[in-house]
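This is what each chain is made of:
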Amino acid sequence: MTQVDILVLGAGPAGMAAATEARARGFSVLVLDENARPGGQVHRAVEQREAKDGQDRDGAKLAAAFRACGADYRPNATLWAVEPEGKVFWSEGGAARSARARRLILCAGATERPVPIPGWTLPGVMTVGAAQIALKTAGLLPEGKAWIAGQGPLLWLYANQVVAKGGRVEGIVDLSPPGGLARAAWHLPNALRAPEYLVKGLAWQQRIRNAGIPIRRATRLVAEGDGRLERIVIDGWSRSAELLLLHDGVVPNTQVTRAIPGCAHDWDAAQRCWKPRLDDWGNTTVEGVMVAGDSGGIGGARVAALAGRLAAIEAARALGKLTADQRNAEAGRIRLEWKRQRAPRRFLDALFPPLPEAAIADSTIVCRCEEVTAGKLRGAVALGCLGANQTKAFTRAGMGPCQGRICGPAVHGVIATARGVDPATVDPFRTRFPTKPLTLGELAALAAE
Amino acid sequence: MRATLATMERFDVAVIGGGMVGTAIGYGCAALGARVAVLDEGDGALRAARGNFGLVWGQSKGDGMPAYGDWTRQSIRLWPELAARVSSLAGRDVHYRATGGLGFCLDEQELEARTNFVRRRHNDGHATLRMLDRRELRELMPGCPLGPEVLGASFDPADGHADPLVLLQGMQAGLLRAGGQHRPGARVTGIEGVAGFWRVARADGSAVEARRVVVAAGVATTPIAAMVGLDVPVRPVRGQNIVTERLDPILPLPASALRQTGDGTIQIGVTNEDDGSFEIATTTAALARMAARAIRVLPAIRTARMNRAWAALRPMTPDGFPAYAESGTHPGCFVATCHSGVTLAAVHAGPLAAGILAGRLPDFANEMHPERFRGMTHVSSH
Amino acid sequence: MFRRTEPTDCTIRWEGRDIPARAGESLAVALLAAGVAAFRQTPVTGAERGPLCLMGACFDCLVELDGQQNVQACLAPVRPGMVAAMQRGARHFDLAEDAA
């Protein structure tokens, strides 16, 4: 079995930075990433695109340093199990493989929060993140009767990218509850420690207006069509539609960390999501397992890259290359910048709160894989289910191939609102390895070893 | 709802444990008209009920304890009626299919061991169980693409399978429908006698009082049974499960550790990991062995993707057989534990529930008194 | 639905017809660019579905690709001449093949 000092999961900003930093300190590093190229979601295809802004330039620099750092980089590799003593399993090229690492730095990034409106399972309804991937990797622009709906910074960023490339959409349906700015104002002074986020944000909305794209506030959105999307109904106002792009912010991808026994997770009331309990260096409650970047709490690309470096420096201490004092000294400036970049987060959280789960209609499908409606989930709660796991047993929600990745936050929220309790007291889906489906043949091949 | 002395709720029966055994008993008692509360832990409780394989199975049961074999077959006879009721209560099909069940043999050694087992069971009066050779298997399941290593199988036409989760859901719905209460979310911390009732106190400060108390607490049975003076040693045995994506029909009959569910998924089970640990993580090495064996039976499924794996802890007594008893020191307090909660659901909801209400357990159950564990050190699973 | 801003360089087969594509892009993106919205029929109710996330998480973009079933189109890079079709319901088996 391959032995390495440090295994890094994910080649987004956190993973690339962690691997580069760890290599610079002389460690052997294995990097597993599900994508074909480094960059993660935010810097997807950054090596092939022309850099258009500071974020692209950050990404290109990170990717170049990562490519040159000498890590054993495995693209198209899906990690699916972490076992005690740093043992990891993954699939690559249709075969299961394993390695042992002295330290794990998990940088699994974020996933989009689901937007279970009526009709969101119709072909033609996708997420904004998906459309952005199509734009970044293949230059696809929305055309015809295309709409964007929901809330969150990525929604506005994507709309800007579309406009900048000469594309357009029929309109943007802003589903965020009113009063966001007033709520967020409390956090404004802190946010001004990194004013570039606010400046960028204000410019985004202005550019949409300048491009003449209508922005309509609404509370209720329905997608309709016979077998595929044909129209959307915005607060009762029906418009024809062939593409609807939904977004409601992003949440940490905790699919792997939740499956690790003893790895504690806490409810983040501001970001309304679960995240692993971390110290300032990224150590989880399990010795040897670290998390960096958005999978430890949403902070964005710059925070993620800094957290990746901090985690690698801490790993150097844990593996005996640095004393605690040396670690603190080397981390000093990175830590200061990490704090500055995190400063606007509470402002952004307050400005872009997730859409309320209570509003999901009983007839709306929440679990797409097993086609389980919100009403079925509420029925399970009425039977006495307290959390996502018994609800899963009684409804099959979360039992399909996505393993609850997509519906998890919505299932959790529907249960909490149906019970009328603090979401922090409702257990989320317990994940189990393998955290990604693999063929029985792949799995069985490991029995011969 | 917090119970105070002034508002103490009184029931005919309080069942401790909302798993497959406790829910069956609670449902059965409620259906007979008793006022029932089923006390359960929270969402994250160690639930064998979620790890059940779903076989309604007699062929391997009772070797060494004929009463258990008889009890099992009685339950299988009652299952069709239970299935109809729980499907209606759950609002979805419990997928009970009494197709007959198989135990595949993949080499000469397994075949010989199984043949000897079947002969022994036959001599114990288990008349329907028999061995099939490969040709008979092919006739029984025409078109089923059995692997070349399958030499034969044991076969009991009375065996079958069902969806254990729908069963649990249906019985829980039936409990509520019959006016019973389901109270999840807190462990039981103490049981004491108060003026002709048993008061069951819980970790959240609440309590209920009942004429009768049934301890059906799965892997937590030992400490709770001790509260009513019963010594029932139960240890956790981990069972891991694999479920694939949905597949077109490929395996018409369920087998020990391999079945195609009513939803089309293939379920592969179940390890018997007897290490005393309460850990419920899956282990790749065990899953790999399970997958490898399933592929030897059905090579075509090697391309199928597994969607999920999970582990659950089954309660195991020292001899592996169930334990039922009324307490000698705490009359009206009972214990019921077993690791075949699905197969036995029909007798638990039927004769056992009736016996608890009548204050007299059925004869079969009486033969499975935990007294027999006294001084027992040998440990095995059935 | 979408329009391309970059040229295509090959063709692939989808449900028996030729579709222009770019080698290396994902099959899912190529289909979307060609106006294909429905990629599969679910094994639960038979409802038609297309991709939701394009990042390997949702399993709604499953197709049959070069004879392999339940392939995630968003993770499959385009190769010239590849042959793909909708995934219709549950994985099926050619039972005759193994029954010997």
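Numbering of residues starts from 1 in each chain and follows the order in which that chain's sequence is written. Ligands are numbered from 1 and chains lettered from A, in the order in which they are written. In view of the model being predicted, local features appear only for residues whose pLDDT reaches at least 70, and side-chain atom pairs are presented and counted only at 80 or more, with totals across whole chains, interfaces and linings using the full set of residues. Only hydrogens and water are set aside; all other atoms, that is, all heavy atoms of the structure, feed into the side-chain values.

- For chain C, the name recorded in an unreviewed UniProt entry is (2Fe-2S)-binding protein, with Falsiroseomonas algicola as its organism.

As for the domain arrangement of chain B
Residues and elements named next belong to chain B.
Okay, step 1: Parsing chain B into structural domains produces domain 1 (9–55 + 165–234 + 319–373), domain 2 (101–157) and domain 3 (235–316).
Okay, step 2: Only heavy atoms enter the contact rule, under which two residues are in contact if any of them lie within 4.5 Å. If you look at the interface, domain 1 gives 17 residues, while domain 3 gives 21 residues.
Okay, step 3: The term buried area refers to how much accessible surface (probe radius 1.4 Å) is lost by two components on association, counted for both of them together. Among the residues domain 1 hides against domain 3, the three largest losses belong to Leu46, Phe53 and Val219. Together they make up 41% of the total.
Okay, step 4: Salt bridges, as used here, are contacts in which a Lys or Arg side-chain nitrogen is within 4 Å of a carboxyl oxygen on Asp or Glu. Joining domain 1 to domain 3, the criterion identifies 0 salt bridges.
Okay, step 5: The definition of a polar contact used here is a pair of N or O atoms within 3.5 Å, where within protein one atom must be able to donate a hydrogen and the other to accept one, and adjacent residues in sequence count solely through side-chain atom pairs. Summed over the shared surface of domain 1 and domain 3, the result is 1 residue pair in polar contact (both at pLDDT 80 or more).
Okay, step 6: Residue classes follow a fixed rule: Ala, Val, Leu, Ile, Met, Phe, Trp, Tyr, Cys and Pro count as nonpolar, while Asp, Glu, Lys and Arg count as charged, and any other residue, Gly among them, counts as polar. For the side of domain 1 that touches domain 3, the residue count by class is 8 nonpolar, 7 polar and 2 charged. How far each domain reaches was decided by an automatic or database domain assignment.

Digging into the nonpolar core
Okay, step 1: Here, nonpolar core refers to any group of buried Ala, Val, Leu, Ile, Met, Phe, Trp, Tyr and Cys residues whose side-chain atoms link them within 4.5 Å. To sort residues, take the accessible area from a 1.4 Å probe on protein chains only and compare it with the maximum for the residue type: under 20% means buried, over 50% means exposed, and anything in between is partly exposed. Of all hydrophobic cores here, the largest spans 111 residues; its most connected members are Leu244 of chain A together with Leu27 and Leu54 of chain C.
Okay, step 2: Setting aside residues up to four positions removed in sequence, Leu54 of chain C forms contacts with Arg44, Met126, Ala130, Ile133 and Ala134 of chain A together with Ala28, Val29, Leu32 and Cys74 of chain C.
Okay, step 3: Listed in part, the 65 residues of the second largest apolar core include Leu32, Trp90, Ala99 and Leu443 of chain A.

Topic: the pairing of strand S10 (residues 197–202) of chain B
All names here are of chain B.
Okay, step 1: Of all the 6 residues making up S10, 5 are buried; the element is thus mostly covered by neighbouring parts of the structure.
Okay, step 2: Strand pairing follows a simple DSSP-based rule, namely that at least 2 bridges must link the two strands. Think of it this way: any DSSP run of H or I at least four residues long counts as a helix, any run of E at least two long counts as a strand, and we number them from the N terminus. Here 6 bridges tie strand S9 (residues 188–194) to S10, and the two strands are oriented antiparallel to one another. Considered in S10, the bridge of Ile191 is made with Val200.
Okay, step 3: In this antiparallel pair of consecutive strands, S9 and S10, the connection spans 2 residues, and Ala195 shows a positive phi of 50°.
Okay, step 4: Pairing geometry for S10 and strand S11 (residues 207–215), over 4 bridges, is antiparallel. Among the inter-strand pairings, Arg199 is bridged to a residue of S11, identified as Glu209.
Okay, step 5: What sits between the antiparallel neighbours S10 and S11 is a turn of 4 residues, in which Gly205 has the positive phi angle 90°.

A few points about the packing of helix H1 (residues 13–24) of chain A against helix H2 (residues 54–68) of chain A
All names here are of chain A.
Okay, step 1: Here, axes are lines fitted to C-alpha atoms. For helices the fit covers the stretch in contact, and angles between N-to-C directions go from 0 to 180 degrees. Here H1 crosses H2 at 40°, and the two axes come no closer than 9 Å. Looking at the two axes, H1 sits oblique to H2. For H1 against H2, the interelement crossing comes out left-handed. Residue-level inspection shows Pro13, Met16, Ala17, Ala19 and Thr20 of H1 in contact with H2, the latter providing Gly59, Leu62, Ala63, Ala65 and Phe66.
Okay, step 2: A breakdown of the residues in the contact of H1 with H2 according to their chemical character gives 8 nonpolar, 2 polar and no charged. Should an angle fall under 35 degrees it is taken as roughly parallel, and over 145 as roughly antiparallel, whereas 65 to 115 is taken as roughly perpendicular and any remaining angle as oblique. Crossing handedness follows the turn of the near helix against the far one: under a right angle anticlockwise gives a left-handed crossing, and clockwise gives a right-handed one.

With respect to the interface of chain A and chain B
How big an interface is tends to be stated in terms of the accessible area lost upon association of its parts.
Okay, step 1: Each side of the interface is counted separately: chain A has 38 residues, and chain B has 45 residues.
Okay, step 2: Here chain A packs against chain B, burying approximately 3,400 Å² in sum over the two surfaces, 57% of which is carbon and sulfur.
Okay, step 3: Joining chain A to chain B, the criterion identifies 2 salt bridges.
Okay, step 4: Across the pair Arg396 of chain A and Asp263 of chain B runs a salt bridge whose closest N-O atoms are separated by 2.9 Å.
Okay, step 5: Along the contact surface separating chain A from chain B lie 18 residue pairs in polar contact (both at pLDDT 80 or more).
Okay, step 6: Elements with a contribution of two residues or more to the side of chain A that touches chain B: strand S4 (77–83), helix H11 (374–383), helix H12 (388–395), strand S23 (438–439) and helix H14 (440–445) of chain A.
Okay, step 7: Considering each element in turn, the side of chain A that touches chain B owes the most residues, 7 residues, to H12 of chain A.
Okay, step 8: Tallied by class, residues from the side of chain A that touches chain B come to 21 nonpolar, 10 polar and 7 charged.

Overview of the sheet that holds S23 of chain A
Okay, step 1: Spatial strand order, S23(A)-S15(B)-S12(B)-S14(B)-S13(B): 5 strands in an open sheet with antiparallel pairing. Both outer strands of the open sheet, S23 of chain A together with strand S13 (258–260) of chain B, are each paired with one neighbouring strand and no more.
Okay, step 2: Pairing between S13 of chain B and strand S14 (residues 265–268) of chain B: 3 bridges, direction antiparallel. The residue of S14 of chain B that forms the bridge with Arg259 of chain B is Gln267 of chain B.

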